[in-house]
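This is what each chain is made of:
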Amino acid sequence: MHDSLTGLPNRAHFRDALNHAIEICQREGTEFAVALLDIDHFKTINDTLGHDKGDVLLCALANRITAILPQSAMVARLGGDEFALMLPQQMDVEPLDQAEQLIEGLRRLIVIDGDNFSISCSLGLALGSCDSEPGDLLKQADLALYRAKEEGRNCARPFDKRLESQAHQRLEIDRIVLGRSPMDAIEIVLQPQIAICAAHPHCRFEVLSRWRTSDGGLIMPNDFIPAVERNGLIRAVTAVVLHQSIRLLRERLENHGSDIRLGINVSAADLEERSFARRLLEDLHAADVPPDLIEIEITESMLLRMTASVKASLNTLNRGGIQLSLDDFGTGFSSMVYLRELPISSLKIDRDFIRGIETSRDRNLIAGMIAMAHSIGKEVIAEGIETPQQLELLKTLGCDWGQGYLWSRPIPPIPALAQFAAPIPPLT
Ligand code: C2E
Ligand code: MG
Ligand code: MG
């Protein structure tokens, strides 16, 4: 009934205790809460420190949790870095407050044999009552834990009914993306990027992808990209997007010389693959498409996972002549160090700022971002321009490029090129 590493109750023991708590609840009308807790990025910690130190850390954490919680609470280890807690009803203390205090307490430095460890944990909370089922409670706590991780980790989140329907939606979309090959499902659309004050205006578009379901429906990237990412399909999706984009560039070159540039979104998993940059350059070479017709868009949040392989990929792309731009600028955790070190040629200011440009606060922020970008030799693209007033203000601020519904929504390549690229001359 006990876990051999930490000496804490194990999963079977916890389940028994849970059944018991429900019985008491039925008899005495008391309530209790169940929580699941795990260490943020424990795998990385384990991989860096080695499993022996990882084990020592787990024991230290078990002691810390037990010391913070009241005696009447139960702490169990379910396996790996996953702990289950049972918190009996306490006078004047809400279970969520108790959980938040715990998360706070676990942030304090852990010292083992003179080594300092700074970790954080995430926690999901479910409230038990007399008609709870043990399995349901654990599932609810698990969904709440998933939410805590999604909302940035190092926090406690309670279960609520909506999490269940979101989990169903996730399952449904997982089923859809696993049921069709990206090769059949992915369609690309283009959105033009228009020169505002650009020194060297040329014709450029952002490539955005859509997932076509087998019954003809269309799923937007904000819904299917997370699903393909969690199911290990993102590289296949990127490969299809790149393939279609290169084909489009090839056709344009054949019929019209090199007149368009395409911006392509990639995910962290693409850049983590060491061969990604080399293969892209090879594909461009094979299709006889100059690399500078492609711009790879990376997001700020990707920089948070700036591993050696990501950095190497970015440098290879850049040395090969491919442009890089930083997407959703201003919304993530942009570090000036990355701006200084990475070979990025343009910044895309997120549309959240453009939406607020008529307030002086956002206008000043945008002016600052543009000045900063220009001072280090980078171009600025404003995303999500919807009104002529926004465009006018961006012009006065010296913004180089604009993209948004004011000109066009993302539309299929043929109409996009017909409308926004120079017309293809008739064959003579
Ligand atoms: P993003 O790269 O920041 O792309 C811009 C998004 O803003 C697009 O949404 C575009 O349709 C939308 N947008 C453009 N102008 C306006 C405007 O004036 N108003 C409003 N309200 N929205 C505007 P979309 O196509 O739904 O794509 C969403 C996100 O999904 C993209 O954000 C990008 O991060 C990601 N994404 C799209 N295609 C791909 C892909 O092929 N691979 C990867 N990894 N991510 C992709
Ligand atoms: Mg983008
Ligand atoms: Mg963006």
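Just above, that's the structure.
In short, a report on the structure. In this text the structure is predicted, and so the values were computed from the model without any measurement. (Residues numbered from 1 in each chain as written. Chains lettered and ligands numbered in written order. Predicted model: local features only at pLDDT ≥ 70, side-chain atom pairs only at ≥ 80, totals over all residues. Heavy atoms only, no water.)

## Observations regarding the overall build of the protein chain
For the protein chain, the count of helices and strands is 18 helices and 16 strands. Relative to its full complement of 428 residues, the protein chain shows a buried share of 48%. A fraction of 69% describes how many contacts in the protein chain between residues 6 or more apart in sequence connect residues 24 or more apart. Counting only carbon and sulfur atoms, one obtains 51% of the accessible surface of the protein chain, whose full area is about 21300 Å². (Helix = DSSP H or I, 4+ residues; strand = E, 2+ residues; numbered from the N terminus. Buried < 20%, exposed > 50% of the residue type's maximum accessible area, 1.4 Å probe, protein only. Contact = heavy atoms within 4.5 Å. Areas by Shrake-Rupley, 256 points an atom, 1.4 Å probe, with all protein chains shown as cover.)

## A closer look at the coordination of the magnesium ion (ligand 2)
Taken together, the protein donors to the magnesium ion (ligand 2) comprise Glu 206 (OE), Asn 265 (OD1), Glu 297 (OE) and Asp 327 (OD), at separations of 2.0 to 2.2 Å. Sequence spacing of the donors to the magnesium ion (ligand 2): E-x58-N-x31-E-x29-D. In this structure, the magnesium ion (ligand 2) is positioned 4.2 Å from the magnesium ion (ligand 3), and both are ligated by Asp 327. Here the residue Glu 297 occupies a position in strand β12 (residues 294–299), and Asp 327 occupies one in strand β13 (residues 323–329), the gap between them amounting to 30 residues. Exposure class is identical for Glu 297 and Asp 327. Each is buried. (Donors = N, O, S within 2.8 Å, 3.2 Å for Na, K, Ca; no water.)

## Digging into the site of ligand 1
Taken together, 24 residues sit near ligand 1, with Ser 209, Arg 210, Asp 327, Glu 386 and Tyr 405 positioned nearest. Here Gln 191 contributes a side-chain N or O atom positioned 3.0 Å from a nitrogen atom of ligand 1. Here a nitrogen atom of ligand 1 sits 3.0 Å away from a polar atom, N or O, in the side chain of Ser 267. Protein contact buries 87% of the 800 Å² of open area that ligand 1 shows by itself. (Near = heavy atom within 4 Å. Polar contact = N/O pair within 3.5 Å; in protein donor to acceptor, adjacent residues only side chain to side chain.)

## Looking at the nonpolar core
Residues Phe 224 and Ile 296 are the most contacted members of the largest nonpolar core, which totals 75 residues. Counting residues per element, this core draws most heavily on helix α9 (residues 234–256), which supplies nine residues. If we skip the residues at most four places from it in the chain, Phe 224 touches Ile 173, Val 177, Ile 186, Ser 209, Arg 210, Trp 211, Ile 219 and Val 237. Listed in part, the 31 residues of the second largest apolar core include Leu 8, Ala 73, Leu 85 and Leu 102. (Core = buried A, V, L, I, M, F, W, Y, C linked by side-chain atoms within 4.5 Å.)

## Digging into helix α2 (residues 42–49)
Turning to α2, its buried residues number three or more, namely Phe 42, Ile 45 and Asn 46. For α2, the angular spread of buried residues about the axis comes to 95°, placing them on one side. When the buried face of α2 is taken as reference, the exposed residues oriented beyond 90 degrees from it are Lys 43, Asp 47 and Thr 48. Looking at the buried residues of α2, the elements they touch are β1 (32–39) and α3 (51–68). Phi turns positive, to about 95°, at Gly 50, one or two residues after α2. (Arc of directions from axis to C-beta.)

## Topic: the pattern of salt bridges
Overall, the coordinates contain 27 salt bridges when judged by the stated rule. Between Arg 230 and Asp 174 there is a salt bridge, and its shortest N-O distance comes to 2.9 Å. With Arg 230 in helix α8 (residues 221–230) and Asp 174 in helix α6 (residues 161–178), the pair connects residues that are 56 residues apart, well separated along the chain. Judged by its relative accessible area of 36%, Arg 230 falls in the partly exposed class. Among the salt bridges present, the one from Glu 341 reaches Lys 311, with a minimum N-O distance of 3.2 Å. You can see Glu 341 sitting in helix α14 (residues 336–341) and its partner Lys 311 sitting in helix α13 (residues 308–319), a full 30 residues away along the chain. Bridged by salt links that share partners, the residues Arg 147, Glu 151, Arg 157, Asp 160 and Arg 162 form one connected network. (Salt bridge = Lys/Arg side-chain N within 4 Å of Asp/Glu carboxyl O.)

## Brief notes about the coordination of the magnesium ion (ligand 3)
By definition of the ideal shapes, a tetrahedral metal site with four donors has angles of 109.5 degrees and an octahedral site with six donors has angles of 90 or 180 degrees. Coordination sphere of the magnesium ion (ligand 3), protein contribution only: Asp 327 (OD), Asp 328 (OD), Glu 383 (OE) and Glu 383 (OE), at 2.1 to 2.5 Å. Motif for the magnesium ion (ligand 3), donor spacing along one chain: D-D-x54-E. Judged by relative accessible area, which is 25%, Asp 328 ranks as partly exposed.

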